[in-house]
Structure formats: C-alpha cells, structure tokens
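Architecture at a glance
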Amino acid sequence: MKHTQKRILVTGGAGFLGSHLCDRLVAAGNDVLCLDNFFTGSKENIAHLIVKPNFELIRHDLVEPILLEVDEIYNMACPASPIHYQYNPVKTTKTSVMGAINMLGLAKRVEAKILQASTSEVYGDPAIHPQTESYWGNVNTIGPRSCYDEGKRCAETLFFDYYRQNRVNIRVVRIFNTYGPRMHPNDGRVVSNFVVQSLSNLDITVYGDGSQTRSFCYVDDLIEGLIRMMDGSDDFVGPVNLGNPGEFSMLELAEMIIKMTGSRSKIIFEALPQDDPLQRQPDIALAKERLGWEPKIKLEEGLMRTIEHFKNGVYESKTNDQ
Ligand code: NAD
Ligand code: UDP
C-alpha cells in the first residue's frame, strides 16, 4: 500500500450514487471499502470493481455498529426514492438516525473525516424559492415522506452535535434530485419512470397536473461536488446545496423525454402523492463560492446518456403496440 493512499468507507456504496462515487475513488487510487445491505443497491453496480485490489465489499446493515479503520467516510446509505423509503418507513428512519450515530461514533473513534449525504427534502415543501442553506424548511412531521425527511434532518442534527461536542471533522451536503445511469429502473423516481415508460411506449404517468418543478443534476457533476466538499477546507463543513439550478416542470420533462426517445407514449395524469413538494430549485451560490463547483452537464445531454444506459438494459419492450 502506498503511504499516501487513503482508506475510504462508502456506506450505500452499491447504490446509484454510491457506486459512481466508488468508481471515482477507486480510479484515484484510494483503498475503498464499500458497505451495503443491498436493500436498493445491487452487486451489478459494483461488479466491475470487485476485481480491483483497492476495492473491498462488506455486506452489513448500517443500523448495527461496525468496527473499521478508515480515514474518510461518505455516509450514503439510505433508500432515496419515495416508493423505496416508504416500503418500510420505520427502517428508513432507523437507517438515517442509527446509521448516522454508528458512523459518527466510528469517525470519532478513529478520527476520520465524515460526509453526510443529506437532501433537499430537509426543506420539505419550501416556502422560499430557490432554496438557500439558511432556510429551515417546511416539513410535515407525520406524513408518508416524514420517515425520510425527518430522518435526514435528525442526521444533520447529529452531525452538528458530534462536530460541536466531540470535534468530529464533518461535512454535510444537501443533494437535490440527481439522475443518471444505474438508477434503479423500478424505483418510481421521475427520470427513471419516464425513460423506461418512453422506451417501452407505455403511458407516461405525470402526477398532478405536471406543473410541479424539480431541478435535475447529472450524477457525474454531483460526485465531483461530493469529492470537492470532502477534500475542501476543514473550516467549511456545510450544509451546502449540491444540485443543478435548471428548473423544469414534470410536464416539460415528460415532453422532452418523449421527443428524445422518439416514443409513441401518451401522457396520462395520475393523483399527486401526498406532501409532494410543488417546487424545488437549489441556490448553489455557496457551493460556487466555497468549492468552485457548479454543474457542467445540461439536462438534455445527461438525459441522452441515461436513455442510452436504459436502452442497453431490458427496458426496450416490444410489447407495446397498445
Ligand atoms: P440508492 O437507493 O440507489 O442507494 C442507497 C444505498 O444504500 C443502496 O445501495 C442500499 O442498498 C443502501 N442501504 C439502504 N439501507 C441500508 C442499511 N440499513 N445498511 C446498509 N446499506 C443500506 O439511492 P441513491 O440515489 O444512490 O442515494 C444515495 C444517498 O444520497 C442517500 O442517502 C440519499 O438519501 C441521498 N440523496 C440522493 C438523491 C438523489 O437524487 N439520488 C437526492 C438527495 C439525497
Ligand atoms: N412524478 C411524476 N411521475 C412519475 C414519478 C414522479 O409525475 O412517474 C413526479 C412526482 O410527483 C414529483 C416529481 O415527479 O413531483 C419528482 O419525483 P421523484 O420521486 O423523482 O423525486 P422527489 O419527489 O423525491 O423529488
């Protein structure tokens, strides 16, 4: 092992974002430990890394403590799509809260730097637009999204208390909707849903009237932001927003994906899920100023790469002359 090689733990490393992060960290020559319980992640996402001498896979549930020796921790473990995190909401809160406690305890014991993958969901259905880090949010404590939103909010609280109380070297990033290859095809998130539906010429399910907005960041841009935050100055711990400020309505997104795939799909309207935020757009001035970071990949280009990925899967159905 090279003297300068860092040992880096990625929890949730077999998931969508975690696996892309492992790719970058392994390629940079770090010794990477990928920890996952495979709830939503898959071995396929990291199969190409298993052969690398500087990559190691640990099957473990983050709700249980674990003893490891590492220099850095990226805490990514948590189901992220509404249908996945609402499948077992008690477990979702446990993963966020007990997972954070376990990882912060580990960071404290071995003096590791630790980054939390927080979320724009901490802003809930925001009353200010675009969202800045100073906004405290508008979150329902008892709704179907609360297990995720409040779990992530409590995790942020724990990070800042370990920072103040125990001097743990923390970083907190608030990730806005991110998309790209290796999204779970059935996770119900809007980009994967619309792409899979379009490629299969199935109806495109727009919830509500489709006027609600989101801002979509391509995965490579996001990973660059995460690494810059981890490697940045110790006096900048966050929270910092990472996302792409380009804001689109769900109807615009549906029309764009239908056009790009040359699909025969029709748009249909379904009920808007409870507590679905009406608008979301990150203010990324802080990330620009402190990390010199901003996304580079436009939605159309990122969607093209994502569509190509799903085309190579089994999602181009021939059964859709409906
Ligand atoms: P994902 O579901 O693909 O990845 C989550 C990973 O965590 C999976 O591999 C899953 O198996 C693992 N996991 C879940 N519970 C676990 C547990 N108890 N123990 C061990 N592993 C566990 O989701 P993602 O999109 O890659 O999200 C990664 C992180 O980023 C999450 O913490 C999520 O909240 C955050 N985030 C993602 C987005 C986004 O748009 N993708 C936005 C905001 C925040
Ligand atoms: N959405 C939609 N059709 C779908 C899936 C999602 O219209 O098939 C909408 C959803 O109601 C929300 C937006 O797309 O307004 C983003 O949903 P997603 O689950 O991807 O992310 P989140 O709501 O967590 O931002």
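Residues numbered from 1 in each chain as written. Chains lettered and ligands numbered in written order. Predicted model: local features only at pLDDT ≥ 70, side-chain atom pairs only at ≥ 80, totals over all residues. Heavy atoms only, no water.

**Topic: the side chain of Thr-11**
Structurally, the position occupied by Thr-11 is in strand E1 (residues 7-11). Looking at Thr-11, its side chain comes within polar contact range of the side chain of Asn-75, at 2.7 Å. For Thr-11, the contacting residues outside a window of four places in its chain are Leu-35, Leu-62, Ile-73, Tyr-74, Asn-75, Met-76, Ala-77 and Met-103. (Helix = DSSP H or I, 4+ residues; strand = E, 2+ residues; numbered from the N terminus. Polar contact = N/O pair within 3.5 Å; in protein donor to acceptor, adjacent residues only side chain to side chain. Contact = heavy atoms within 4.5 Å.)

**A short note on helix H5 (residues 146-166)**
Taking 1.5 Å per residue as the helical rise, H5 with its 21 residues ought to reach 30 Å, and the 28 Å between its terminal C-alpha atoms agrees with that figure. Listed in full, the buried residues belonging to H5 are Ser-146, Cys-147, Tyr-148, Asp-149, Gly-151, Lys-152, Ala-155, Glu-156, Leu-158, Phe-159, Phe-160 and Tyr-162. Where H5 is buried, its residues touch helix H3 (82-85), helix H4 (89-110), strand E5 (113-119) and strand E6 (170-175). (Expected span 1.5 Å × (residues − 1). Buried < 20%, exposed > 50% of the residue type's maximum accessible area, 1.4 Å probe, protein only.)

**Focus on the site of ligand 1**
Leu-17, Asp-36, Thr-40, Tyr-148 and Lys-152 are the nearest of the 30 residues found near ligand 1. For ligand 1, a nitrogen atom lies 2.9 Å from a polar atom in the side chain of Asp-61. Listing elements by their share of the shell around ligand 1, those giving two or more residues are helix H1 (16-27), H4, E5 and H5. Partitioning the shell around ligand 1 into residue classes produces 14 nonpolar, 11 polar and 5 charged. (Near = heavy atom within 4 Å. Nonpolar A, V, L, I, M, F, W, Y, C, P; charged D, E, K, R; others polar.)

**Here we look at the site of ligand 2**
Around ligand 2 lies a shell of 18 residues, among which Val-190, Asn-193, Thr-205, Asp-276 and Arg-280 are the nearest. Note that a nitrogen atom of ligand 2 is positioned 2.6 Å from one of the backbone N or O atoms of Thr-205. Here an oxygen atom of ligand 2 and a side-chain polar atom of Arg-214 are 2.8 Å apart. For ligand 2, whose unbound accessible area comes to 520 Å², protein coverage reaches 95%. Residues belonging to the shell around ligand 2 are distributed by class as follows: 7 nonpolar, 5 polar and 6 charged. (Areas by Shrake-Rupley, 256 points an atom, 1.4 Å probe, with all protein chains shown as cover.)

**A few points about the nonpolar core**
The nonpolar side chains of a soluble globular protein tend to be buried with one another. Val-10, Leu-21, Tyr-74, Val-191, Leu-226 and Leu-253 are the most contacted members of the largest nonpolar core, which totals 59 residues. A per-element tally of this core places helix H7 (residues 219-231) first, with 7 residues. If we skip the residues at most four places from it in the chain, Leu-226 touches Leu-21, Tyr-74, Met-76, Leu-115, Val-173, Ile-175 and Leu-242. Counting 28 residues, the second largest nonpolar core, distinct from the first, contains Ile-66, Leu-68, Ala-100 and Val-168. (Core = buried A, V, L, I, M, F, W, Y, C linked by side-chain atoms within 4.5 Å.)

**Re H4**
If you check H4, its first and last C-alpha atoms are 31 Å apart, about what 22 residues at 1.5 Å a residue would give, namely 32 Å. Buried within H4 we find Thr-92, Thr-95, Ser-96, Val-97, Gly-99, Ala-100, Asn-102, Met-103, Leu-104, Leu-106, Ala-107 and Val-110. Those residues of H4 that are buried are in contact with E1, strand E4 (72-75), H3, E5, H5 and E6. The positive-phi residue at the C-terminal boundary of H4 is Glu-111, with phi of around 55 degrees.

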